[in-house]
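# Survey of secondary and tertiary structure
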Amino acid sequence: MTAEIKTKILHAVDALFDDQTAFLAELTSHPSTRGNEQSAQDFMASELGARGYAVDRWQIKVEDIAHLPGFSPVIGDYADAVNVVGSHRSRDRKGRSLILNGHIDVVPEGPLDMWDTPPYQPRIDDGWMYGRGSGDMKAGLAANLFALDALRATGYAPAADVFYQSVVEEECTGNGALACLQRGYRADAALIPEPFDERLCIAQIGVIWFQVHLRGIPVHVERAGAGANAIEAAIPLIAALHDLEGRWNATDKRHPAYAAHHHPLNLNVGKIAGGDWVSSVPAWCTFDVRMAVFPGTDLQAACAEIEDCLNTAAAQNSFLRNNRPEVVYHGFQAEGYSLADHDKPEAKQAISALKSAHYTVTGNDLETLPITATTDARFFGLYADTPALVYGPRSEAIHGFNERVDLESTRRVTQSNALFIADWCGLEKL
């Protein structure tokens, strides 16, 4: 790729950026929480179709993916889980193929009165776009699409097959990305522009979600001593889980990518519910936990250790020792993934291509980091032997109030992605 073509691509991103910003605002206005992604996916399918891509829009069926490695158990109806993939088929196929992956689902917005402005009425202030999902990760979806648009504006298309994926379920299972693998989408590399400040993620932790169900003995509060409070019984169990978290974070247990991180594995009690009446000793309590594990950790062994931890703590309680907690797994059963450990030659080649693109755009070397979250990269890296690069724009307050994404950072990422696509896939004339 000549310097002249590179310059044309960069200028094309600039020329299209107002359109890209308007696209991002429209996409952010769709409240695509889990189960409510349909309108956003309709919009994505329409935009891909208008550009001439072959659009594949399908409803995920649990029975199609439940037997596959990486599947996470689900609770509830999957009737509304819809994926969208737009395919570019190269005439010559002289280059290397690519998956451009991003997730359309967003986390719940929380109490609306804690937002400065409504979360699904995106606004721009001082170079930032605010709104739920603007950063995580609709700006990345926009960057992928407009990177391809920039190539087209210069008169070129990728000289290899490219599969643009807009998937659901990233925030709770990853089964959307898994369904793309089951559907047959494969490539030589994957690029996922998650919002990690224009840095390349070289490793990500695994995640386990589980519920702990407790049952107590309900009595009138005047005779509280004769009952067993299921909510209070949760307290020592949560403390025991935090002790386990500490042991798993010990320096001698860490994956090499996290050797310098002071606390890479985080446990979170994200939800708790229990009881039926204020003046009755609660007969039940359920709390939901997210726990992290290092790349290379056997998930079955980790789950067994979690259950042993809970049972050991329960044995120290006079009521719980005969009424053991029940553990129910749902949502993430996600293994960790280390791009740094990916020994396929294409991994080093893809990293090199992205480093070159990033340097051309920013004038700086590409920084790398191990992240303490999970992404859909694991499906491509672990189950399809496809190097998965996670590299996206600067964002703040994701999963929080007043989520926002830096628009200039989004522009730079779009330029880097366009150059990466051109280098990795090669170019052919339209």
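Refer to the preceding data block for the structure.
Residues numbered from 1 in each chain as written. Predicted model: local features only at pLDDT ≥ 70, side-chain atom pairs only at ≥ 80, totals over all residues. Heavy atoms only, no water.

Counted under the stated rule, the structure contains 18 salt bridges. Among the salt bridges present, the one from Asp14 reaches Arg411, with a minimum N-O distance of 3.0 Å. With a gap of 397 residues between them, Asp14 in helix H1 (residues 3-28) and Arg411 in helix H10 (residues 407-425) connect regions that are remote in the sequence. Between Arg51 and Glu47 there is a salt bridge, with its nearest N and O atoms 2.8 Å apart. Residue classification places Arg51 among the buried positions, given a relative accessible area of 14%. Each of Arg394, Glu396, Arg404 and Asp406 takes part in a single network of salt bridges with overlapping partners. (Salt bridge = Lys/Arg side-chain N within 4 Å of Asp/Glu carboxyl O. Helix = DSSP H or I, 4+ residues; strand = E, 2+ residues; numbered from the N terminus. Buried < 20%, exposed > 50% of the residue type's maximum accessible area, 1.4 Å probe, protein only.)

Taking 1.5 Å as the rise per residue, helix H2 (residues 38-50) with 13 residues should run 18 Å; its terminal C-alpha atoms sit 18 Å apart, in good agreement. The inward-facing, buried residues of H2 abut H1, strand E1 (54-59), strand E2 (82-88), helix H4 (134-153) and strand E7 (162-167). Note on H2: the residue one or two positions beyond its end, Gly52, has a positive phi of about 90 degrees. (Expected span 1.5 Å × (residues − 1). Contact = heavy atoms within 4.5 Å.)

Close contact between H4 and H10 brings their axes to 8 Å; oriented N to C, the two are set at 50 degrees. On the basis of the axis angle, H4 is oblique to H10. Of the two elements, H4 crosses H10, and the hand of that crossing is right-handed. Every residue of H10 that contacts H4 at Ala139, Ala143, Asn144, Phe146, Ala147, Leu148 and Leu151 is listed here: Thr410, Val413, Thr414, Asn417, Ala418, Ile421 and Ala422. (Axes fitted to C-alpha atoms, helices over the stretch in contact; angles between N-to-C directions. Parallel < 35°, antiparallel > 145°, perpendicular 65-115°, else oblique. Left-handed = near helix turned anticlockwise from the far one by under 90°.)

Leu98 and Phe420 are the most contacted members of the largest nonpolar core, which totals 90 residues. When residues in this core are grouped by element, the largest group, eleven residues, is from H4. Discounting chain neighbours no more than four positions away, the residues touching Leu98 are Asp161, Val162, Phe163, Ala187, Ala189, Ala190, Leu191, Phe420, Ile421, Trp424 and Cys425. In this structure, Ala203, Val212, Ala233 and Leu265 belong to the second largest nonpolar core, which totals 40 residues. (Core = buried A, V, L, I, M, F, W, Y, C linked by side-chain atoms within 4.5 Å.)

Of the pockets and cavities examined, the largest pocket occupies roughly 1200 Å³. Mapped onto the lining of the largest pocket, the elements with two or more residues apiece are strand E10 (206-215), strand E11 (268-274), strand E12 (284-293) and strand E13 (326-334). Among the residues making up the lining of the largest pocket, the classes are represented as 16 nonpolar, twelve polar and eleven charged. (1 Å grid on protein atoms, 1.4 Å probe; cavity = no way out; pocket = protein on both sides within 12 Å on 5 of 7 lines; lining within 4 Å. Points joined across faces, edges and corners; volume = space filled by probe spheres on them. Nonpolar A, V, L, I, M, F, W, Y, C, P; charged D, E, K, R; others polar.)

We now examine the packing of H1 against H4. For the pair H1 and H4, interaxial distance at closest approach is 8 Å and the crossing angle is 140 degrees. By the criterion of interaxial angle, the relationship of H1 to H4 is oblique. Relative to H4, the crossing made by H1 is right-handed. Contacts between H1 and H4 involve Ile9, Ala12, Val13, Leu16, Asp19, Gln20, Phe23, Leu24, Leu27 and Thr28 on the former and, on the latter, Ser134, Lys138, Ala139, Leu141, Ala142, Ala143, Leu145, Phe146, Asp149, Ala150, Leu151 and Ala153.

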